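Here is what each chain is made of, one letter per residue.
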Amino acid sequence: MNALYETYDNCSHLVGKEQDDGTLLLPVAHSTQNAQVEVVVDLHGNFIRAEEVPKSDAITIIPVTEDSGTRSSGIAPHPLCDKLIYIAGDYAMYSNKANAEVCYKQYITQLEKWCNSEQSHYKVTAIFQYLKRGCLINDLLSQGIISLSPNGLLDDHKKVQNIAASDLFVRFRIEDFNLYDEGAIWKDRDVYDSYIDYILSSQEGLDLCYVSGKEIPCSYKHPAKVRHAADKAKLISANDEYGFTYRGRFAKKEQALSVGYLTSQKAHNVLRWLIERQGYTRYGISLVVWDKNDKAIPNILDSTQGISNKMMRITSETDIGYSYANAFNKTIDSYKGLLDTEATIHIISVDAATTGRLSINYYREIKSSDFYERLKYWHETCIWEHEYWKKDGSKATYIGAPSIESIVLASFGTEQNGKLNVKDELKKATIERLLPCILDKRDIPKDIIRSAIQNASRPMAFSTGNWKRVLNTTCALIKKDRKYNVEDWNMALDDKERDRSYLYGRLLAVANRVEYLTYEKDEKRQTNAKRYMQQFRNRPFTTWATIEDNLQPYFNKLKSNSQKIKYEKILNEIYDLFDKEEFKKDDPLDGMYLLGFHCQSSVFYNKNNVAMNDDENEEGNDNE
């Protein structure tokens, strides 16, 4: 809370200003609401006109009280802009709602106190002068904004922005010959300041703020809407004086927690802004990484491509990934250069335990130098070649780490309607488990890697594109896991490697390639190598005998004798690398067989490899 509070003060120059990305850091004691109707009056409180607000311009900054900012039921009017039931003095004449007069009375009394205070603002006073006449409904009827049903009551069938007439929210604009600004009350910083000064001056009583350690006016009604405008979950709440929220440990809620009003407002407002602007909000969780001085921070859940936005062409088979690593490092260094090495980076993840309660399920403070060193380590070790589609529809590749979401989908995804899906609860839990792998250099949980290997070994369960995505991500996880165990595997084919699983993977890639080369144009069926892949992983020696037997007719169908000789030679070279006893074992293969399969397959695809590029019509396609 203290870090958020300080961030707000450091970003105070941005308060109330809409950013280029559409986000807005709210002033203290203010919230946002969608307005459907705009009423225009002059400085003397005379009605000029009313008009419907376009939905694209509906978001309106409004001052709120502690009660109105958290209202769900009961009567708690906002100080200025509100629904018709609060601000229209003649609402009761056109509605059967029993509390209409009480709502208006409380609203107009509250507004009058602000206007009579030393902090009053002449624009607010003009609105008060208009509303106390109690003629708003009649004015809206005259403008055709609302209409009456045959029984003389508001006709809720006539809607604005799909909101019924009786629930319309109204904002105000001042237009006057003596006014030299646009008169939009909800954008006026002087009106913001007027209300903030008024609300702070009217607070009574001091209490200990547990965040600042100072004796200041405290709040026990903290804001909601932290993750989005419809969010009802609160980070801090202790309103159950008759239940067991704090009973048994404390006699009074003040003993459990006490936070200053200003502290709470600033902390909540800046957290809401950070989440909206740079947070990752999906599946119920919201994660945000920030610096108190608002310096740019890369998204730790993003892929290397997402962070560096570099699209580089593979130019060297033996040094694959080196140039990508350089590009990524330059990007990280440019981020790093924005911060002092001793600066602190904050990471927070919040999730709603219930509809009304928001929990912090992850929080870390890390020195910027450590943060970037660990982020670089992740993107240098959890690395493989990945494919993606560009906006123009063409396919491209990048070398780097997959996004955290890609890892979740590769490990636990099932294909539905052509897309990989994972249940939200499992996604949330897996993302939280992977965060320490990035921020603390921990190894990736074994069950996540095992699940990914299992999925990558089932090409028949996925479309070709999704399976490739799963395979590439799994290879990155295996490489990362081997790196953690002090084995550094190159992404290029190692034709000297004698690891049993790796060699079996290479054999499978050759079988896949030979059969594929015999396909007729537009033939889409899967090769025997892929159909038997899961079985091959579990019983490689036995299954390879079956695949090899089935492969012989395809050797005979190859277009040229040179092709047959080439692939037979590759097979024999791989056989020669096997330890004979290891080859005959039927023990399950580990994840290295996927690296062998991918590396060998990549050699067949790589057009820059002259030695391998002697096949006719060897354009790879998504089906292979």
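Look a little higher up for the structure.
Read on for a plain summary of the structure. Model, not experiment: these values are computed from the prediction.

**Focus: the pattern of salt bridges**
Overall, the coordinates contain 23 salt bridges when judged by the stated rule. Across the pair Arg282 and Glu405 runs a salt bridge, and its minimum N-O distance is 2.5 Å. Highlighted residues: Arg282 in strand β13 (residues 280-282) and Glu405 in helix α12 (residues 404-412), separated in sequence by 123 residues. We note a salt bridge from Glu515 to Arg525, for which the minimum N-O separation is 2.8 Å. With Glu515 in helix α16 (residues 500-517) and Arg525 in the loop between α16 and α17 (528-531), the pair connects residues that are 10 residues apart, well separated along the chain. For Glu515, a relative accessible area of 2% translates into the label buried.

**Digging into the sheet that holds strand β16 (residues 357-367)**
The antiparallel open sheet is built from 4 strands, whose spatial order is β13-β14-β15-β16. With partners counted over all chains shown, the strands left at the sheet margins are β13 and β16, one partner each. Here the average twist between neighbouring strands, direction ignored, is 10 degrees. Pairing geometry for strand β15 (residues 344-354) and β16, over 10 bridges, is antiparallel. The residue bridging Thr354 from the neighbouring strand is Arg357, located in β16.

**Remarks on α16**
If you check α16, its first and last C-alpha atoms are 26 Å apart, about what 18 residues at 1.5 Å a residue would give, namely 26 Å. Taking burial as the measure, the 18 residues of α16 include 18 buried ones, the bulk of the element. Its side-chain oxygen at 3.0 Å from the backbone nitrogen of Ser501, Asp499 defines the N-terminal cap of α16.

**Re the packing of α16 against helix α19 (residues 540-557)**
Between α16 and α19, whose axes approach to 10 Å, the crossing angle comes to 25 degrees. As the angle between them shows, α16 and α19 are arranged roughly parallel. The hand of the α16/α19 crossing is left-handed. Facing α16, whose interface residues are Arg500, Tyr504, Leu507, Leu508, Ala511, Val514 and Glu515, α19 presents Pro540, Phe541, Trp544, Ile547, Leu551, Tyr554 and Phe555. For the contact of α16 with α19, the residue count by class is 12 nonpolar, no polar and 2 charged.

Cut-offs used in this document
- Residues numbered from 1 in each chain as written.
- Predicted model: local features only at pLDDT ≥ 70, side-chain atom pairs only at ≥ 80, totals over all residues.
- Heavy atoms only, no water.
- Salt bridge = Lys/Arg side-chain N within 4 Å of Asp/Glu carboxyl O.
- Helix = DSSP H or I, 4+ residues; strand = E, 2+ residues; numbered from the N terminus.
- Buried < 20%, exposed > 50% of the residue type's maximum accessible area, 1.4 Å probe, protein only.
- Pairing = 2+ DSSP bridges.
- Axes fitted to C-alpha atoms, helices over the stretch in contact; angles between N-to-C directions.
- Expected span 1.5 Å × (residues − 1).
- Polar contact = N/O pair within 3.5 Å; in protein donor to acceptor, adjacent residues only side chain to side chain.
- Parallel < 35°, antiparallel > 145°, perpendicular 65-115°, else oblique.
- Left-handed = near helix turned anticlockwise from the far one by under 90°.
- Contact = heavy atoms within 4.5 Å.
- Nonpolar A, V, L, I, M, F, W, Y, C, P; charged D, E, K, R; others polar.

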